[in-house]
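For reference, the chains in residue letters:
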Amino acid sequence: MHIIINTHIAIMFSKETYMQRREQLRQLVGEGLIVLFGNNEAPNNYPNNAYYPFRQDSSFLYYFGQQRDGLVGIIDIDNNCEVLVGDDIDIEDIVWYGSVDSVSDMAAQVGVAQLAPMKELKVVIDRAKAQGRQIHFLPPYRHDTMIQIMDLLGLHPSQQKEAASLTLIKAVVKMRSTKTAEEIEELERAAVIGYKMHTTAMRITRPGVTEKYVGGQVDGIAHSYGAQVSFATIFSQHGEIMHGNPSMAVLESGRLALCDAGAETVNNYCSDNTRTFPVNGRYTQRQLEIYSIVEECHDLALSIAKPGVKYFDVHMAVCRLMTERLKELGLMKGDTDEAVAAGAHAMFLPHGLGHMMGMDVHDMEGLGQIYVGFDEETRPRLDQFGTNALRMGRRLEEGFVVTDEPGIYFIPALIDDWRASGHCAEFLNFPLLETYKDFGGIRIEDDLLITADGCRFLGKDRIPYHPKDVEAFMQQNN
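Residues numbered from 1 in each chain as written. Predicted model: local features only at pLDDT ≥ 70, side-chain atom pairs only at ≥ 80, totals over all residues. Heavy atoms only, no water.

Relative to the elements of secondary structure, Glu186 occurs in helix α9 (residues 181-204). Judged by its relative accessible area of 5%, Glu186 falls in the buried class. One polar contact links Glu186 to Arg189, side chain to side chain, over a distance of 2.8 Å. Not counting residues within four places of it along the chain, the set of residues in contact with Glu186 comprises Phe13, Thr265, Asn267 and Tyr269. (Helix = DSSP H or I, 4+ residues; strand = E, 2+ residues; numbered from the N terminus. Buried < 20%, exposed > 50% of the residue type's maximum accessible area, 1.4 Å probe, protein only. Polar contact = N/O pair within 3.5 Å; in protein donor to acceptor, adjacent residues only side chain to side chain. Contact = heavy atoms within 4.5 Å.)

To continue, consider empty space enclosed by the protein. For the structure on display, the rule yields 1 cavity of 30 Å³ or more. Taken together, Ala191, Tyr195, Asn273, Asp446, Asp447, Leu458, Gly459, Asp461, Arg462 and Ile463 make up the lining of the largest cavity. Per-class residue counts for the lining of the largest cavity are 4 nonpolar, 2 polar and 4 charged. (1 Å grid on protein atoms, 1.4 Å probe; cavity = no way out; pocket = protein on both sides within 12 Å on 5 of 7 lines; lining within 4 Å. Points joined across faces, edges and corners; volume = space filled by probe spheres on them. Nonpolar A, V, L, I, M, F, W, Y, C, P; charged D, E, K, R; others polar.)

What follows concerns the sheet that holds strand β7 (residues 135-136). Taken in spatial order, the 5 strands line up as β6-β5-β4-β1-β7 in an open sheet, and their pairing is mixed. In this open sheet, the two strands that pair with only one neighbour each are β6 (114-116) and β7. Of the strand pairs in this sheet, strand β1 (residues 33-37) and strand β4 (residues 71-76) are connected by 5 bridges, and their pairing is antiparallel. Looking across to β4, one finds that Val35 is bridged to Ile74. (Pairing = 2+ DSSP bridges.)

With a probe scaled to a water molecule rolled over the atoms, the places where space remains empty come into view. Taken as a whole, the largest pocket encloses approximately 890 Å³ of empty space. As for the largest pocket, its lining consists of 37 residues, and the residues nearest its centre are Asn39, Arg55, Ser58, Tyr141 and Asp360. Among the elements of the structure, β1, α2 (58-64) and β8 (228-229) are those that each provide at least two residues to the lining of the largest pocket. The dominant element in the lining of the largest pocket, judged by the number of residues it contributes, is β1, at 3 residues. Of the residues contributing to the lining of the largest pocket, the split by class is 20 nonpolar, 10 polar and 7 charged.

So, on to the packing of α9 against helix α10 (residues 211-225). Look at α9 against α10: their axes get within 9 Å of each other, and the N-to-C directions meet at 155°. By the angle between their directions, the pair α9 and α10 is classed as roughly antiparallel. In the crossing of α9 with α10, the sense of the turn from one axis to the other is right-handed. The residues of α10 that touch α9, namely those facing Ile193, Lys196, Met197, Thr200, Ala201 and Ile204, are Tyr213, Val214, Gln217, Val218, Ile221, Ala222 and Tyr225. (Axes fitted to C-alpha atoms, helices over the stretch in contact; angles between N-to-C directions. Parallel < 35°, antiparallel > 145°, perpendicular 65-115°, else oblique. Left-handed = near helix turned anticlockwise from the far one by under 90°.)

On to the environment of Asn280. Assignment of secondary structure puts Asn280 in the loop between β12 (273-278) and α11 (285-304). When its relative accessible area of 32% is taken as the criterion, Asn280 is described as partly exposed. Here the alpha-carbon distance between Asn280 and Thr403, two residues 123 residues apart in the chain, equals 28 Å. Beyond its immediate stretch of four places on either side in the chain, Asn280 contacts Pro207, Ser253, Gly254 and Gln475. Side-chain polar atoms of Asn280 contact the side chain of Ser253, separated by 3.0 Å. A polar contact of 3.0 Å, which involves the side chain of Asn280, links it to the backbone nitrogen of Arg282.

A contiguous nonpolar surface patch, about 580 Å² in accessible area, is contributed by Ile91, Ile94, Val95, Trp96 and Tyr97. Looking at the secondary structure, you find Trp96 in helix α3 (residues 91-97). Classification of Trp96 as exposed rests on a relative accessible area of 66%. (Patch = residues over 30% accessible without salt bridge, like charges linked within 9 Å, V, L, I, M, F, W, Y side chains within 5 Å. Areas by Shrake-Rupley, 256 points an atom, 1.4 Å probe, with all protein chains shown as cover. Salt bridge = Lys/Arg side-chain N within 4 Å of Asp/Glu carboxyl O.)

Omega for the bond connecting Tyr52 with Pro53 falls within 30 degrees of zero, at 0°, which places this linkage in the cis form. Considering the arrangement of structural elements, one finds Pro53 in the loop between β3 (49-50) and α2. The residue Met364 is not glycine, and still its phi comes out positive at about 65°. Tracing the sequence through the fold places Met364 in the loop between α13 (336-342) and α14 (369-372). Taking relative accessible area as the criterion, Met364 reaches 1% and is therefore assigned buried.

Time to look at the side chain of Thr403. Within the secondary structure, Thr403 is located in strand β13 (residues 401-404). Taking the relative accessible area as the measure of exposure, Thr403 reaches 0% and is therefore buried. The residues contacting Thr403, other than those within four sequence positions of it, are Asp272, Tyr311, Leu353, Gly354, His355, Met357, Glu445, Asp446 and Asp447.

A separate point is the sheet that holds strand β9 (residues 234-236). Strand pairing in a sheet relies on backbone hydrogen bonds. The paired strands run either parallel or antiparallel. Sheet architecture is open: 3 strands sit in the order β9-β10-β12, paired in antiparallel fashion. The strands lining the two open edges of the sheet, one partner per strand, are β9 and β12. Each strand axis lies, on average, 10° off the axis of its neighbour in the sheet, ignoring direction. Two strands pair when backbone bridges link them, and β9 and strand β10 (residues 256-261) are joined in this way by 3 bridges, in the antiparallel orientation. Of the residues in β10, the one forming a bridge with Ser236 is Leu258.

Here's what the structure looks like:
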């Protein structure tokens, strides 16, 4: 059975776009056989109840542009040919799900001259193996693809990540990292949906409703204006939990709600924003003191991120500013540079400033974060808490899209752990930290496009984040 999506939605971009992308990939890789696996449908709780909507593999989509499941793209560099592999659907599928384009039609739409049924894939692979040619594939992340690779190449799933082509990985990362004008237009459309999602959350948040209710409404916006959410929506009064999905907890006056949510357009480009706002529409003085630090850190990134600057340096500038401001509140102490070097700030900010974003909300994460967010010049420090969670450190280039998402969190278990061990005790005021254990957490996040001489936020309308704007918006709409 095949997942049938709206057959009246055209492929993302022009045929020439996909032809040019494959040609560039061919030149970057140089030789051998490139095999790009599309996704298959994924059953939820029984075979005919698949996860919906169908989500195509992003790299397959980038080079071959087709949303249907059960497809594989081949780029034969040595013989200068391309093949779209897949089977046409049968009459039973048509009865239940309607007609879709034939594999021949899909190949023509993206400028692929040859096609083959799925049974021919092994023939092509076996021939290439017999000739001693290199077969390039990307690290698989779905188990059905792992089984397919095992059948084709004789590689156990435990060996496939290591056996994946580093040459292909680096070529794909190089191409997908820099967004073209047409991709930026898609990201702007995603930002419009993201605006609707977050302003809806602000409008309906009030004491007495549940986290689940608000989260469900936010998800509905993404599905009604685009393809789906770009990741599982985070909406929680426990902002100190990084991935706090909505629960049945009732929203309480005096507490903060953190909403981290994004959408995918119908062409699978993403948005990713976070806002933290008071359940009753008014920040307390203590909340404002912490919020203003996060706000200042958020805006600092906008002022210094530009081509040639390492995003690691932007992250560290944010960490130093945060440390200075937390010292003013008495939560931190000592020399700022020494505190940051020791990782004391990670008590409050245990993650990186941001990540690449595009067709995946954590763009290309499946290819290996070390290749996406870093290079030989900027390797992450894996032996320090906080720094080991950085996703992006490399020098910025025009056309990159990265998230800017500083936060301050008061995690009771982390406070207890560090206090018991004395970790960074010379930089942290543990007695005062004890009084913040019920605070939660604050994060503000927007998506940055790196321009020729600086950067700008994506989205024509800014989701309110300055405290007075947030309060005014919530008072007006509640």
